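Fold and geometry: a report
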Amino acid sequence: MGSTSLPTTMKALVTPSQGAPAEVRDNVSLPEPSPTQVLVRTLYAAINPVDVFTTQMGLLVESWPFVPGCEASGIVVKAGNEARNALGGYFKKGDIVAGCARLGVEGHGTFAEYFLLDAEVALPKPDSLTAAQASTVAVGALTAFLGVFGELGISIEGLEEGKGEGEGKWVIVFGGAGAVGRYAVQTLKLAGYKVVASCSAGSVELLKSLGADATIDYKKSADDIVEEVKRITEEKVDLAFDAVSVNNDLVTKIFTAIPSSSGRRLYTTTNDWDPAPDASLGFTTKPIELGPLGRPSAAELNSKLTSWIPVVYRLLESGKLKVGGYSVEGEGIDGIPKAWEAQKSGRLGSKKVIAKLADE
Ligand SMILES: NC(=O)c1ccc[n+]([C@@H]2O[C@H](COP(=O)([O-])OP(=O)(O)OC[C@H]3O[C@@H](n4cnc5c(N)ncnc54)[C@H](OP(=O)(O)O)[C@@H]3O)[C@@H](O)[C@H]2O)c1
């Protein structure tokens, strides 16, 4: 470790207490990385739906005042002496890194000039990506991998060689255009599945470009969607991935209307707060939980992510996983509230909203 040129305080967006408006402060203490962490100078901070859950509902927040933000890219300015990355090397000063920071833990909030990342779950930036693009990947890709390879139990073997286990079986992805959904669609395609994804009319071309075999307009009635799923899949679909957290009722209707073709139905969802559909309905629901990432108490989660990050890295590097569009909606810490409002408005559709905090 060791750097002489770092300041002792930094500028950050701070939420003083649960539900209180965020305010810019310029005297927040610079965090100190543990031996297995890196301190990162933020280049781009991405805004996520969960930032509202932490600041408004206190989700996973350990103490207030609290610096929100959980996804970013930046430059390593200080590395712990055991900061081994998922690719097998050690992070060093000057590396460009991206990833999800621990949610709700002091020193990890990315709406700040500097933040901490746990080395084992950080994403070294592939050369093929800009730092801005890299800031948009981790929440979506890691959540998709957790859903596909964790909760749906699909094998990752053969994924990179195009020899996945899917055998052309159908899977439904609800919300294929979102940050999580786009990686779920691409990952399931790489694993050899046929994907029918729900999206709005404006996202159909995007979904096709990501490999979706069919799309369904989520603005149609539930009955119409059930009929379309029946027709498209020829009534053979046993896996579903809800990437936008609002489809428990719809999946229940679909799985009730179509008999199982394998006798084993699985539904995974990013909704880990509402009660899951009752197992007596004939399918098992497995909620995805990325939230505890990085925490020592989440050793099993961390170790799964560490094993998958090299795959994500190589797929990004080779272009087999395509990153999404983004829009820089704010500059500097003072610009984050504007970017956050843009994200909350939904007016940028499937583009990830980011704020630029510093030049490389
Ligand atoms: N449990 C976890 O560990 C975990 C992890 C990550 C995210 N999440 C949650 O997952 C959800 C999605 O996150 P995200 O970052 O992917 O969101 P996002 O990128 O903001 O999602 C935006 C997209 O959602 C689509 N959409 C909106 N309503 C829809 C509906 N009824 N059906 C289908 N698509 C719909 C829109 O598609 P169109 O553009 O086509 O209209 C839009 O592009 C959030 O609630 C987030 O909090 C949970």
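Just so we're clear, the structure is a prediction, and the values are computed from it rather than from any experiment. (Residues numbered from 1 in each chain as written. Predicted model: local features only at pLDDT ≥ 70, side-chain atom pairs only at ≥ 80, totals over all residues.)

1. Structural notes on the overall build of the chain
Each helix and strand counted, the chain has nine helices and 15 strands in total. For 360 residues, the compact-globule estimate of 2.2 N^0.38 gives 21 Å, and the C-alpha radius of gyration of the chain, at 20 Å, lies within 12% of that figure. On the principal axes, the C-alpha backbone points of the chain span a range of 65 × 40 × 35 Å. In the chain, which comprises 360 residues, the proportion classed as buried is 50%. (Helix = DSSP H or I, 4+ residues; strand = E, 2+ residues; numbered from the N terminus. Rg over C-alpha atoms; globule rule 2.2 N^0.38 Å. Buried ≥ 20, exposed ≤ 12 C-beta atoms within 10 Å, placed from the backbone.)

2. A short note on the site of the ligand
Surveying the vicinity of the ligand reveals 30 residues, the closest of which are Gly-175, Gly-178, Ser-200, Ser-203 and Thr-270. Looking at the shell around the ligand, the elements with two or more residues in it are helix 3 (138-151), helix 4 (179-190) and strand 9 (194-199). When grouped by side-chain class, the residues that make up the shell around the ligand number 14 nonpolar, 14 polar and two charged. Here the shell around the ligand gathers at least three residues from each of two domains, domain 1 (9-137 + 306-356) and domain 2 (141-287). (Near = placed C-beta within 6 Å. Nonpolar A, V, L, I, M, F, W, Y, C, P; charged D, E, K, R; others polar. Domains from an automatic or database assignment.)

3. Focus: the domain arrangement of the chain
Entries for the chain in the domain assignment read domain 1 (9-137 + 306-356) and domain 2 (141-287). The centre of domain 1, based on its C-alpha atoms, is set 28 Å off from the matching centre of domain 2. Between domain 1 and domain 2, the residue contacts involve 14 residues of the former and 18 residues of the latter. For the side of domain 1 that touches domain 2, the element with the most residues is helix 8 (residues 299-318), which contributes five residues. The class makeup of the residues in the side of domain 1 that touches domain 2 is seven nonpolar, three polar and four charged. (Contact = placed C-beta atoms within 7 Å.)

4. Here's the deal with helix 9 (residues 336-345)
For helix 9, the full list of buried residues reads Ile-336, Ala-339, Trp-340 and Gln-343. The arc that holds every buried residue of helix 9, seen down its axis, measures 100 degrees, which confines them to one face. In this structure, the buried side of helix 9 is in contact with strand 1 (9-14), strand 3 (37-46), helix 1 (50-57), strand 14 (326-331) and strand 15 (352-356). Gly-346 lies just past helix 9 and shows a positive phi near 75 degrees. (Arc of directions from axis to C-beta.)

5. So, the pairing of strand 11 (residues 237-242)
By the criterion of burial, strand 11 is predominantly enclosed, with six of the six residues buried. Here strand 8 (residues 170-174) runs beside strand 11; their pairing, made up of five bridges, is parallel. Bridge pairing in strand 11 places Trp-170 opposite Val-237. (Pairing = 2+ DSSP bridges.)

6. Remarks on unusual backbone geometry
Both trends apply: most residues other than glycine have a negative phi, and most peptide bonds are in trans. Backbone torsion omega between Trp-64 and Pro-65 reads -10 degrees, so that peptide bond is classified as cis. With respect to the helices, strands and loops of the structure, Pro-65 is situated in the loop between helix 1 and strand 4 (71-79). The backbone of Ser-245 shows a phi angle near 70 degrees, a positive value even though the residue is not glycine. Looking at where Ser-245 falls in the secondary structure, it is placed in the loop between strand 11 and helix 7 (248-257).

7. Points about the UniProt feature "domain: Enoyl reductase (ER)" (unreviewed entry) in the chain
Listed under "domain: Enoyl reductase (ER)" (unreviewed entry) in the UniProt record, and renumbered for this structure, are residues 19-354. The distance separating the terminal C-alpha atoms of residues 19-354 is 22 Å; by composition the span is 29% helix and 23% strand. (UniProt positions renumbered as here; feature names shortened; annotations may be inferred.)

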